[in-house]
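Fold and geometry: a report
Listed here are the chains, written in short residue letters.
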Amino acid sequence: MTTTAIPPEARRAPAAAPGRRPKREREGAAWVFLSPWVLGAIVLTLLPMAVSLYLSFTDYDLFNPPKWVGLRNYAQMFTEDPRYWRSVVTTLTYVVVAVPLQLALALVVALALKGMKRGKGFYRSAFYAPSLLGASMSIALVWRAIFNDGGTVDHLLGTGGWVNKPGWALLAVALLTVWQFGAPMVIFLAGLQQIPAELYEAAAVDGAGKWRQFLAVTVPMLSPVLFFNLVLQTIQAFQVFTPAFAVSAGKGGPADSTLVYTMYLYDRGFVASHMGYASAMAWVLLLVIGVVTAVLFRTSRSWVFYASEGDR
């Protein structure tokens, strides 16, 4: 039995397909297109975060060089600053009130729009408009006028100005957030349109009414969208600033009832010039948001239904 030696030329790797660039050249082109984003992420996000983390361990007043103080800012925050804890309680109260109300209103309006035959595009745009305008200072000032003494709410309900009452001022701020339900409403509407009509038909054949169809079909099939909106709106609620700042005229009053976390952070950093302390507050807020988001993802396994998985 004889064997034929394979010439060295035949053992070479096959040539690349005509018109196709080598892998390294393709990767280089990809990095060229990604470079603006990478540079922006480093210069505008990662580098400021690193500087902020360093400043959180210093005593810095914006005018003199930072002085290293270790964990003193964090110790003062947790043990010596009662206003800090009031801002924490106020922010948690705001999140618990504003986020469920906003999502509930967004879902109700989305359900109403889904059943409309005409004018759906107009109403969808009209309901979405507050989400574009509500975060502005001008709208927040109008909101303050509505809920102030002699404002619209006072004339309609005769309850006086909410912004001047400690028990009502935070509710006025929360209602401004609830009014901006357009973004989650559009997402809910998109999710509702993806639910197969056959599921509702099968439920109706089994004798399920509208409410039962909502609980047995709509809620499970819409749970991924609900989870997405919940996470997104919760993160945004923890960072609320403009509505509370405008309604309270930048003071967090009355009696610190609207002193949300970010407003107190602003007060410590830019009013009192305790930038090191404000940086420490910012990092605590980042960690809290991360923990809350992780808890939401962990608990979602028991109530979020994905059709591709076939289970809850």
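Scroll up for the structure.
Residues numbered from 1 in each chain as written. Predicted model: local features only at pLDDT ≥ 70, side-chain atom pairs only at ≥ 80, totals over all residues. Heavy atoms only, no water.

What to know about the layout of surface pockets
Definition in use: Buriedness of a pocket was judged along seven lines, with at least five required to meet protein on both sides within 12 Å; pockets are open sets of points on a 1 Å grid over the protein atoms alone, cavities are sets where a 1.4 Å probe fits but cannot get out, and lining residues have an atom within 4 Å of a point. Grid points are joined across faces, edges and corners, and a volume is the space filled by probe spheres set on the points. Only runs of H or I of at least four residues qualify as helices and only runs of E of at least two qualify as strands under DSSP, and these elements are numbered from the N terminus. When residues are grouped by polarity, Ala, Val, Leu, Ile, Met, Phe, Trp, Tyr, Cys and Pro land in nonpolar, Asp, Glu, Lys and Arg in charged, and all others, Gly among them, in polar.
For the largest pocket, the calculated volume is near 340 Å³. Lining of the largest pocket is provided by 15 residues; of these, Gln 102, Thr 177, Gln 180, Gln 233 and Gln 236 occupy positions nearest its centre. Listed by contribution, the elements that provide at least two residues to the lining of the largest pocket are α3 (82–114), α8 (182–193), α10 (210–238) and α11 (242–247). Tallied by class, the residues present in the lining of the largest pocket amount to eight nonpolar, seven polar and no charged.

Some remarks on the environment of Pro 196
Rules: Think of it in three bands: residues with accessible area under 20% of the maximum for their type are buried, residues over 50% are exposed, and the middle band is partly exposed, with areas taken using a 1.4 Å probe on protein chains only.
Topologically, Pro 196 is positioned in the loop between α8 and α9 (197–205). A residue is classified by how much of its surface remains accessible, and Pro 196, at 34% relative accessible area, is partly exposed. Sequence separation between Pro 196 and Met 221 is 25 residues, and the spatial gap between their C-alpha atoms is 9.4 Å.

Side note on a nonpolar patch on the surface
We count it as follows: The residues that make up patches have over 30% relative accessible area and no salt bridge, and they are joined within 9 Å when like-charged or within 5 Å when they are Val, Leu, Ile, Met, Phe, Trp or Tyr. Surface exposure here means Shrake-Rupley accessible area, sampled with a 1.4 Å probe, where a residue is shielded only by the protein chains that are shown. Salt bridge, as used here, is a side-chain nitrogen of Lys or Arg placed within 4 Å of a carboxyl oxygen of Asp or Glu.
Taken together, Leu 39, Ile 42, Val 43, Leu 44, Leu 46, Met 49 and Leu 286 make up a surface patch of nonpolar side chains, about 660 Å² in accessible area. It is helix α1 (residues 23–55) that provides the largest number of residues to the nonpolar patch, a total of six residues. Locating Met 49 in the fold gives a position in helix α1.

Some thoughts on helix α12 (residues 261–271)
Along an α-helix, a turn takes 3.6 residues, which lines up residues three or four apart on a common side. Test applied: Contacts are residue-level and defined by heavy atoms, with any inter-residue pair within 4.5 Å sufficient.
For α12, the buried fraction is high: eight of the eleven residues fall into the buried class. Those residues of α12 not exposed but buried are Tyr 261, Thr 262, Met 263, Tyr 264, Leu 265, Asp 267, Arg 268 and Gly 269. Where α12 is buried, its residues touch α2 (72–79), α3, α10, α11 and α13 (275–299). Note on α12: the residue one or two positions beyond its end, Ser 273, has a positive phi of about 60°.

Details of the packing of aromatic side chains
Stated precisely, the cut-off is as follows: We call Phe, Tyr and Trp rings a pair once their centres come within 6.5 Å, taking the six-membered ring for Trp, and we label the pair stacked below 30 degrees between planes, edge-to-face above 60, and tilted otherwise.
Tallied over the entire structure, the rule returns 20 aromatic pairs. Geometrically, the ring pair formed by Trp 143 and Phe 147 is tilted, given 5.4 Å between the ring centres and 35° between the ring planes. Take Trp 143: its relative accessible area is 12%, and that puts it in the buried class. Residue Phe 147 is classed as buried on the basis of its relative accessible area, which comes to 6%. Following the ring pairs from residue to residue traces out a cluster consisting of Trp 143, Phe 147, Trp 162, Trp 168 and Trp 179.

Here we look at the pattern of salt bridges
For the structure shown, the criterion picks out four salt bridges. For Asp 256, the salt bridge goes to Arg 83, with nearest N and O atoms at 3.0 Å. Note that Asp 256 is positioned in the loop between α11 and α12 and Arg 83 in helix α3, a separation of 173 residues in sequence. Residue Arg 268 pairs with Asp 267 through a salt bridge whose shortest N-O separation is 3.0 Å. Here Arg 268 and Asp 267 have matching classes, each one buried. Salt bridges sharing partners connect three or more residues here, namely Arg 83, Arg 86 and Asp 256.

What about the nonpolar core?
Inclusion rule: In these notes, a set of buried Ala, Val, Leu, Ile, Met, Phe, Trp, Tyr and Cys residues joined through side-chain atoms within 4.5 Å is what counts as a nonpolar core.
Ranked by size, the top nonpolar core spans 60 residues in total, and within it Met 77, Tyr 84, Tyr 94, Phe 188, Tyr 261 and Met 281 carry the most contacts. In terms of residues, this core owes the most to one element, α3, which gives twelve residues.

Describing the environment of Ala 98
Here Ala 98 shows up in helix α3. Classification of Ala 98 as buried rests on a relative accessible area of 0%. Taking C-alpha positions, Ala 98 is 9.8 Å from Trp 179, a pair spaced 81 residues apart along the chain. Contacts of Ala 98, omitting those with residues within four sequence positions, involve Ala 174, Thr 177 and Val 178.

A few points about the side chain of Ser 273
With respect to the helices and strands, the residue Ser 273 is situated in the loop between α12 and α13. Residue Ser 273 is classed as buried on the basis of its relative accessible area, which comes to 18%. Discounting residues that sit within four places of it in the chain, Ser 273 has contacts with Tyr 60, Asp 61, Phe 63 and Arg 268.

Looking at the packing of α9 against α10
What counts is decided by this rule: Lines fitted to C-alpha atoms define the axes here, with helix axes fitted over just the stretch in contact, and angles between the N-to-C directions of these axes take values from 0 to 180 degrees. Throughout this description, any angle smaller than 35 degrees is read as roughly parallel, any larger than 145 degrees as roughly antiparallel, any in the 65 to 115 degree range as roughly perpendicular, and the remainder as oblique. In a left-handed crossing the near helix is turned counterclockwise from the far helix by less than a right angle, and in a right-handed crossing that turn is clockwise.
Look at α9 against α10: their axes get within 10 Å of each other, and the N-to-C directions meet at 160°. For the element pair α9 / α10, the angle class is roughly antiparallel. In this structure, the crossing between α9 and α10 has a hand that is right-handed. Of the residues in α10, those touching α9 at Leu 199, Tyr 200, Ala 203 and Ala 204 are Gln 213, Val 217, Thr 218 and Met 221. A per-class count over the contact of α9 with α10 returns six nonpolar, two polar and no charged.

Read these as spatial facts, not as claims about activity.
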